[in-house]
Amino acid sequence: MPDLAERLVELCGARGVRRGEAVKALDPGFHKDNLSADLAVFPETTAMVAAVVALCRSEGVAIVPQGGRTGIAGGAATAPRSLILSLSRMQRILTLDPLARTALVEAGVTLGALQQAAAAHALVPGIDIGARDSATIGGMISTNAGGSEAFRYGTMRQRVLGLEAVLPDGTVLSDLTQVAKANEGYDVKQLLIGAEGTLGIVTRAVLRLSGSPANRVSALAACPSAAAALAALDRLQRRPGLALIAAEAMWRDHLVVTAKSNGLDALASFAEAPLYILFEAGGDDEDAVRAAFETALADAVEANEIVDVVIAANLAQRTDLWRLREDWAVDRAFPGGLWFDISVPLAALDATVAAMTRRVAAHDPRHRVFIIGHLADGNLHVTVNAPSPIRDVYDEVAPLIYTGLKEIGGSFSAEHGIGLEKRAALQRYGDPGKLALMRQIKHLLDPDGLMNPGKVLLP
Ligand SMILES: Cc1cc2nc3c(=O)[nH]c(=O)nc-3n(C[C@H](O)[C@H](O)[C@H](O)COP(=O)(O)OP(=O)(O)OC[C@H]3O[C@@H](n4cnc5c(N)ncnc54)[C@H](O)[C@@H]3O)c2cc1C
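All values derive from a computational prediction rather than experimental measurement.

Quick notes on the rules
Residues numbered from 1 in each chain as written. Predicted model: local features only at pLDDT ≥ 70, side-chain atom pairs only at ≥ 80, totals over all residues. Heavy atoms only, no water. Axes fitted to C-alpha atoms, helices over the stretch in contact; angles between N-to-C directions. Helix = DSSP H or I, 4+ residues; strand = E, 2+ residues; numbered from the N terminus. Parallel < 35°, antiparallel > 145°, perpendicular 65-115°, else oblique. Left-handed = near helix turned anticlockwise from the far one by under 90°. Contact = heavy atoms within 4.5 Å. Nonpolar A, V, L, I, M, F, W, Y, C, P; charged D, E, K, R; others polar. Near = heavy atom within 4 Å. Polar contact = N/O pair within 3.5 Å; in protein donor to acceptor, adjacent residues only side chain to side chain. Areas by Shrake-Rupley, 256 points an atom, 1.4 Å probe, with all protein chains shown as cover. Phe/Tyr/Trp six-rings, centres within 6.5 Å; stacked < 30°, edge-to-face > 60°. Buried < 20%, exposed > 50% of the residue type's maximum accessible area, 1.4 Å probe, protein only.

Caption draft 1: Representation of the packing of helix H9 (residues 226-238) against helix H12 (residues 286-302). Across the interface, H9 lies against H12 with an axial gap of 10 Å and an inter-helix angle of 150 degrees. With respect to H12, the element H9 is oriented roughly antiparallel. Helix-helix and strand crossings are classified by hand; for H9 and H12 the assignment is right-handed. In this structure, H9 uses Ala 232, Arg 235 and Leu 236 to contact H12, whose residues at the interface are Phe 293, Ala 296, Leu 297, Asp 299 and Ala 300. Among the residues making up the contact of H9 with H12, the classes are represented as 6 nonpolar, no polar and 2 charged.

Caption draft 2: Here's a closer look at the site of the ligand. For the ligand, the set of nearby residues contains 36 residues, the closest of which are Pro 65, Gly 67, Thr 70, Gly 71 and Thr 136. Within the contact set of the ligand, an oxygen atom lies 2.9 Å away from a backbone nitrogen or oxygen of Arg 69. When the ligand sits alone it has 980 Å² of accessible area, and the protein chains cover 95% of it. The biggest single contributor to the shell around the ligand is helix H5 (residues 137-143), with 5 residues. Here the shell around the ligand is built from residues that sort into 14 nonpolar, 19 polar and 3 charged.

Caption draft 3: Just the packing of aromatic side chains, in detail. In the structure shown here, the tally under the stated rule is 9 aromatic pairs. Both rings, one in Trp 328 and one in Trp 339, keep their centres 5.2 Å apart while their planes meet at 90 degrees; by these two values the pair is edge-to-face. Residue Trp 328 is located in the loop between helix H13 (315-326) and helix H14 (329-333), and its partner Trp 339 is located in strand E16 (residues 338-343); the two are separated by 11 residues in the primary sequence. With a centroid separation of 5.8 Å and 85 degrees between ring planes, the pair formed by Tyr 402 and Tyr 429 is classed as edge-to-face. With a gap of 27 residues between them, Tyr 402 in helix H16 (residues 394-402) and Tyr 429 in helix H17 (residues 423-429) connect regions that are remote in the sequence. Each member of the pair, Tyr 402 as well as Tyr 429, carries the same accessibility label: buried. Chaining the aromatic ring pairs together yields one cluster made of Phe 340, Tyr 394, Tyr 402, Phe 412 and Tyr 429.

Dropping the structure here:
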């Protein structure tokens, strides 16, 4: 597309365009086709994004918006003759108002950068994910990211007060509301949130910030079941003087593989249990938090909700506990596994995990199921692994994970989005009326089908 490249240089400058090998030299991120396009553009302003979108529309060129390329559903994957539109040069935190507790940011700001800026005012974005140093606010809005703090502060949908986006026809939707209450008809910005770049390109957003406790204390609790872990969670949430910040779940197989891979063997064997919860509590007075946390955890042990617990004594130990949860040791040990991201109503967690594990074992005894998740949301990240890569059996294994979820009020797609991977599942488990409306909305906003084509909805 040499002509298009020249026109893009006119719009965004030579530094704002990459072709061929220069595209392949970028970090590909988490999907093998993220850099399959031959051309990438890096606009610096909303006006540049709008001009690029208008040009592509007139030339019939498909656009794939990209942030940090940490998405794990294939939403940022590209085809050779499409254009990557990267937000990586739109990285400014434009305002941060500590009294209003809001920040106006460009879409390419990483979560880590916003966390750092907010921390200077004892505030947090209220969203935290393992990919914090690469994932961008635009990408997180577009996937409606959740993460470990969602049970406390909500998902991205609840964190966005205002939004600016370039629609597929090149017009700019500007709704940069700074206030919580603005009932001005349909909340159109919510359509863009979670749309995975299929309805437009997010360029700026106003986000809520929340107060952050000055000190955090982490503990690893071994629990006899998810039901017991949930009782402990409830106990900790009700404890006066304790702000519970995280309740991250790891089923035993994950903990053992990850602990051993990180040289943390003592943690792999500190208490034999099916499930481990990384609880984190916060407060301004560390001693007071620690005392309240210890008492509540001891009560939970007394009530048989927790078998045994280890409390991090210092930052190094806290970091070790988080490494157990966030490290991708399972993926290193068993490359080429299958990733699933489901939501389960809390009361059904134990039964769902047991049934799904049984189904996978019955299907192929070589397959192993590793599960981690965000306990309070019932959000499980399930990976199915085998001694050799099994990516080609995704379609066989997916129904073993998804069966029955819809009937009990859960979801086959919790926080990572649909992208390419879950389109067939959306078609199978989605409500027909909702799917029809989604197609109408897509056609209305993007009649030429050029905005991140082929994602979310099957063609
Ligand atoms: C180690 C690790 C841990 C993770 N933990 C979590 C977690 O706890 N919770 C969670 O929810 N996710 C998690 N993720 C998934 C991922 O980080 C999120 O989906 C994140 O929101 C993606 O942001 P990104 O900037 O990397 O987007 P990308 O991967 O670049 O893009 C993701 C999707 O958004 C679209 N998009 C990107 N930017 C824009 C934009 N400005 N406008 C319109 N569309 C856009 C893309 O086209 C694509 O469809 C994790 C990923 C990794 C690798």
